[in-house]
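One letter stands for each residue in the lines below.
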Amino acid sequence: TNNTCEARLGLAVVSGAPFTMRSVLLAVPAGALLAPVRSVDNGTCEYYRGSGDVAPFLFTKPLPNGTRVEVDPVADPSGLCVFPDAACGSEKDGAACCKLRPGFEKTQFAGLKPYELNMYLGLLVLVVPGLVQKCFARRKEASEDSSQEGRHKAMISCIIYMLFFVAVTVEIWLMIMVAVMTQGLLTVPTRNTMLAAQVFLTPVREIFQFIEDVMTVKINATLGAKQTHKVREVLCAGVIGGIFSGIVAALLVTGLCYWPSIVGWLLAPYAGHIVGSSCNLVPLTAEIVDDARPYVLLSGWSWPFVFANMALRGFLIGIGDWWSFGFVLLVEQGIGLFGIIKYFSATPTLTVLGWVGFVPPAVAFVLMVLLLIFRPGIWDKYLSSNPVREESTATSDAEVSGDELTEGTVDVSARQASVVRTRSQMTATWRETAKEGLLAMVSDLAVQVPMTVGVYLAGARLGMGAMYQISALQAAYPQYGLAWVRGLTYGFRIIGSQQIGARDAEGFSNFYESVVKHCSLLALVSIATTLPFPVQISFALAEQACEYASEKACLPIYATVFGGGDYTGATLQGSAFKFFVPSLCAMCFYQVFKAGVYACQDFAFMAKAGCLALVFVFLPSVFLADAFGSAGAILVPMYLPCLALAIAFAVRIKRNTGQMSRGTFPLWGQDGTDTDEESSESSAEA
């Protein structure tokens, strides 16, 4: 009846106004679309810290006829509400016993969830303006060229850019969907294990990924400088080096996966903590390792394809083959998105997730190799050995005297010398790549090591609940901004390195300012879609932890996530969330500025800045965080090096742009030739 609804929801219904469900939805604040608060046995209790009468989760039990009915809470002596009748441990799908109440995680903006609001605003602010700007620019070029060919060219160019933006948007959407679905469908121990595997795999990947990162910049710098004769050797170094380093890294991961005394601690650092040790909802360490091992192996063996693909993609963008790049990217991300929606949603296991991560890069690698082989225009111009031989032959002919020429035939020794010179140039390219890649690797490790240490510190020192707070926030980073940075960073590395190779100081400076503006807009969007909704975001991210409120022995795990009762520690929606937005902004700006320093090929500075950040930023902060002993405090040393490096890289790029405008940029040399080219040629001559 109207009176009952009014009393239960506490609504002030205007006299004479029709009482409809729409009036209820408009009157209830966002995040409070809750069922009536059910009676509590044995006194009062809290659902989470500061919850009052707001029950975020709906606990149910199955009936013999297959339906489910809501169960009442019981007050635990700790002050928390417990739902023993839900019996989550006795069901095949433990998470089926509880879920977020409908509407709890939604905002007042058209009923959208916060991550959906962020996604639509991101499209509106970042993607659509860029697409419109490019299309109008092409149409302006076509208006200046009124011929039929000019209009046709402008139309094709606009379609290519639309294809590119669609492909990048699908990639961003895939990153967001993976974060949403893994956090929402995997149980707390499984999600923690996935995070542990990721922070263990990422440093290993960064160690061996340096060749790929440097090659992407090198290829585009070479193309920007119009040195097409060098593309073949640089691309071969990138692809072959990426495959080789990926295989070595995968073999290392495989060995660790079958090392019993190591793999258990690597994948389940929380297993030995006293919090929740008597909870029967927590699986054994051996079960955790068996479930996670296929995911780790498939992730490791996807690296040869992932490493090689970056060099191949950089080559396609460098030569302006946007059709091929957009097609391959769309196919790769489409396969991943199909796998997540079709297979992982039906069977949310780490094994399925491993296959979803393995198949797309393998298919993309095969497609790009076939494109390079069967497209004569690309092969003949850039990858065939003929251009190199022609240049070498010309050089050799010029060096051979007239009496060494007999009937137009060059002396064999001269040709052999040119072959030796070409091989020595290839060796110099590999040597230079390894050196610069190792320097870049130091910078990457300066960011990855703090994250790895932070995750393992949270699991080993604070237990499963605190580690799950970090797991939840790690899943939130792609949803609320980090995924959008991917397109900016990739474009900065590719286009920026081309502009530097072409000595376009003004173009690089303008592009850098544009990237900074876009990243700043992205930060504003992230702030606007996160700060107002800490409770909605936190409970949506940690929904899987609700099952630990169904058993008294598991309540300590639940309390270390959401708080409540006599638990006084940090909570996900409290102190941990306060560090979330600053760390998100720091990560976004770090990724963008790092791409700019990569484009400048300032690898020595990256290594120095990384070492300084580790010693003077991370080490002091991690000792302080360990003393405070909370998940929120651990986030500080995890992401403070990102902020420090972002500032350092921004200052360095500003300095480099000033040197470019004055013509004193070290990479360009003082006499009009690139210093890296001079060093390669001198090494080849030696």
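Residues numbered from 1 in each chain as written. Predicted model: local features only at pLDDT ≥ 70, side-chain atom pairs only at ≥ 80, totals over all residues. Heavy atoms only, no water.

A.B. asks: Sorry if this is basic, but what is going on with the packing of helix α11 (residues 322-344) against helix α12 (residues 350-374) here?
C.D. replies: The relative placement of two packed helices comes down to the angle between their axes together with the axis-to-axis distance. Where α11 contacts α12, the axes come no closer than 9 Å and their chain directions differ by 160°. By the angle class used here, α11 and α12 are roughly antiparallel. You can see that α11 and α12 cross each other, and the crossing is right-handed. Together, S324, F327, V328, V331, E332, I335, G336, G339, I340, Y343 and F344 of α11 and V352, L353, V356, V359, P360, P361, V363, A364, L367, M368 and L371 of α12 make up the contact between the two elements. (Axes fitted to C-alpha atoms, helices over the stretch in contact; angles between N-to-C directions. Helix = DSSP H or I, 4+ residues; strand = E, 2+ residues; numbered from the N terminus. Parallel < 35°, antiparallel > 145°, perpendicular 65-115°, else oblique. Left-handed = near helix turned anticlockwise from the far one by under 90°. Contact = heavy atoms within 4.5 Å.)

A.B. asks: Explanation requested: the pattern of salt bridges in the structure shown.
C.D. replies: Two side chains of opposite charge can pair, provided their charged atoms sit close to one another. Throughout the structure, instances matching the rule amount to seven salt bridges. Among the salt bridges present, the one from R652 reaches D602, with a minimum N-O distance of 2.5 Å. Of this pair, R652 sits in helix α22 (residues 631-662) while D602 sits in the loop between α20 (572-599) and α21 (603-628), placing them 50 residues apart in sequence. You can call D602 buried: its relative accessible area is 12%. (Salt bridge = Lys/Arg side-chain N within 4 Å of Asp/Glu carboxyl O. Buried < 20%, exposed > 50% of the residue type's maximum accessible area, 1.4 Å probe, protein only.)

A.B. asks: Is there a simple way to think about the sheet that holds strand β5 (residues 98-100) in this case?
C.D. replies: Backbone hydrogen bonds hold the strands of a sheet together, and the pairing may be parallel or antiparallel. The sheet built from three strands is open, its strands ordered β2-β1-β5 with antiparallel pairing. In this open sheet, the two strands that pair with only one neighbour each are β2 (68-70) and β5. For this sheet, the mean angle separating the axes of adjacent strands, direction not counted, is 40°. The pairing of strand β1 (residues 57-62) with β2 spans three bridges and is antiparallel. What sits directly across from T60, in β2, is E70. (Pairing = 2+ DSSP bridges.)

A.B. asks: Looking at this structure, how should I read the state of the cysteines?
C.D. replies: When the sulfur atoms of two cysteines share a covalent bond, that bond is a disulfide. Applying the stated criterion across every chain yields a total of four disulfides. One disulfide bridge connects C98 with C546, the sulfur atoms lying 1.9 Å from each other. Measuring handedness by torsion sign, the sulfur bridge of C98 and C546 sits at about 80° and is right-handed. Of this pair, C98 sits in strand β5 while C546 sits in the loop between α18 (534-541) and α19 (555-562), and the two are 448 residues apart along the sequence. The same class applies to C98 and to C546, which are both buried. Cysteine C585 is unpaired, with the sulfur of C588 as its nearest cysteine sulfur at 6.4 Å. (Disulfide = S-S within 2.5 Å.)

A.B. asks: Please clarify how the pairing of β1 should be interpreted in this entry.
C.D. replies: Side-chain direction in a regular strand flips from residue to residue, so the side chains alternate between the two faces of the sheet. The sheet contact formed by β1 and β5 spans three bridges and is antiparallel. Bridging from a neighbouring strand, L58 pairs with K99 of β5. A loop of five residues connects β1 with β2, the two strands running antiparallel in sequence, and G66 in this loop sits at a positive phi of about 95°.

A.B. asks: Would you mind showing me how to read a nonpolar patch on the surface here?
C.D. replies: There is a patch of nonpolar side chains on the surface, built from V366, L370, I373, F374 and W379 and spanning about 510 Å² of accessible area. Here the nonpolar patch gets four residues from one element, more than from any other, and that element is α12. Following the sequence through the fold, W379 ends up in helix α13 (residues 376-383). (Patch = residues over 30% accessible without salt bridge, like charges linked within 9 Å, V, L, I, M, F, W, Y side chains within 5 Å. Areas by Shrake-Rupley, 256 points an atom, 1.4 Å probe, with all protein chains shown as cover.)

A.B. asks: Can you help me understand the nonpolar core in this one?
C.D. replies: Where a protein is soluble and globular, its nonpolar side chains tend to be buried together. Among the nonpolar cores identified, the biggest contains 184 residues, and F315 and Y548 are the most heavily contacted of them. A total of 19 residues in this core trace back to one element, the largest contributor, which is helix α16 (residues 464-501). (Core = buried A, V, L, I, M, F, W, Y, C linked by side-chain atoms within 4.5 Å.)

A.B. asks: Can you walk me through the packing of aromatic side chains in this structure?
C.D. replies: Aromatic ring pairs are defined here through the distance separating the ring centres and the angle between the ring planes. On inspection of all chains with the given rule, the structure shows 27 aromatic pairs. Plain terms: the ring middles of Y477 and Y639 are 5.1 Å apart, the flat faces sit at 50° to each other, and that makes the pair tilted. Separated by 162 residues along the polypeptide, Y477 in helix α16 and Y639 in helix α22 bring together distant segments of the chain. Ring pairing ties together the aromatic residues Y48, F57, F104, F539, Y558 and F562, which thus form one cluster. Geometry around Y258 places R293 over its ring, the cationic atom sitting 4.9 Å from the centre. (Phe/Tyr/Trp six-rings, centres within 6.5 Å; stacked < 30°, edge-to-face > 60°. Lys NZ or Arg CZ within 6 Å of the ring centre and 35° of its normal.)

A.B. asks: What should I look at first to understand the environment of Y295 in this one?
C.D. replies: Among the structural elements, Y295 can be located in helix α9 (residues 285-301). Classification of Y295 as buried rests on a relative accessible area of 7%. Along the backbone, Y295 and L353 are 58 residues apart, and their C-alpha atoms lie at a distance of 6.8 Å.

A.B. asks: I'm lost on α16 in this one. Help?
C.D. replies: Remark: the principal bend of α16, roughly 60°, maps to G481. For α16, the buried fraction is high: 34 of the 38 residues fall into the buried class. (Bend = angle between axes of the 7 residues up to and from the residue.)

A.B. asks: What is the right way to read the packing of α16 against α22 from this model?
C.D. replies: The interhelical angle for the contact between α16 and α22, taken along N-to-C directions, is 10°, at an axis separation of 13 Å. If you check the angle between α16 and α22, you find them roughly parallel. Within the contact between the two elements, α16 uses A466, Q469, I470, L473, Q474, Y477 and I500 and α22 uses A631, I634, L635, M638, Y639 and M660. Residue composition of the contact of α16 with α22, by class: 11 nonpolar, two polar and no charged. (Nonpolar A, V, L, I, M, F, W, Y, C, P; charged D, E, K, R; others polar.)

A.B. asks: What should I look at first to understand the environment of D602 in this one?
C.D. replies: Spatially, the C-alpha atom of D602 lies 9.8 Å from that of F649, the residues being 47 residues apart in sequence. Once you skip the residues sitting within four places of it in the chain, D602 turns out to touch V597, R652 and N656.

A.B. asks: Sorry if this is basic, but what is going on with the side chain of S621 here?
C.D. replies: As for its placement among the helices and strands, S621 is situated in helix α21. On the basis of relative accessibility, which here comes to 9%, the residue S621 falls in the buried class. Only 2.8 Å separates the side chain of S621 from the backbone oxygen of V617, close enough to count as a polar contact. Setting aside its immediate chain neighbours within four residues, S621 contacts P637 and L640. (Polar contact = N/O pair within 3.5 Å; in protein donor to acceptor, adjacent residues only side chain to side chain.)

A.B. asks: Sorry, what's going on with the side chain of S538 here?
C.D. replies: Position of S538 among the secondary structure elements: in helix α18. Looking at S538, the relative accessible area reads 1%, which means it is buried. What S538 contacts, discounting residues up to four positions off in sequence, is F562, L572, Q573 and F577.

A.B. asks: Sorry if this is basic, but what is going on with α13 here?
C.D. replies: Residue pairs three or four apart in sequence face the same way in an α-helix, which turns once every 3.6 residues. The complete set of buried residues in α13 reads I378, Y382 and L383. Down the axis of α13, the sector holding all buried residues measures 70°, keeping them to one side. Seen from the buried face of α13, the exposed residues on the opposite side, beyond 90 degrees, are P376 and G377. (Arc of directions from axis to C-beta.)

A.B. asks: Help me out: how do you make sense of unusual backbone geometry in this one?
C.D. replies: If a residue is not glycine, its phi is most likely negative; likewise, a peptide bond is most likely trans. Positive phi is not limited to glycine here, since R503 has a value of about 60°. One can find R503 in the loop between α16 and α17 (505-528). Of note, Q601 is a non-glycine position whose phi angle comes to about 55°, a positive value. For Q601, the position within the fold is in the loop between α20 and α21. Judged by its relative accessible area of 11%, Q601 is buried.

A.B. asks: What's the story with the confidence of the model for the chain in this structure? I'm lost.
C.D. replies: Note that predicted coordinates carrying low pLDDT should not be read in detail. Averaged over the chain, the pLDDT score is 78; the fraction of residues at 70 or greater is 75%. With pLDDT under 50 throughout, residues 387-423 is counted as low confidence; its partners more than four residues away or in other chains account for 22 contacts. Considering only residues more than four positions removed or in separate chains, one finds that residues 670-686, a stretch of pLDDT under 50, has 28 contacts. (pLDDT = per-residue confidence, 0-100.)

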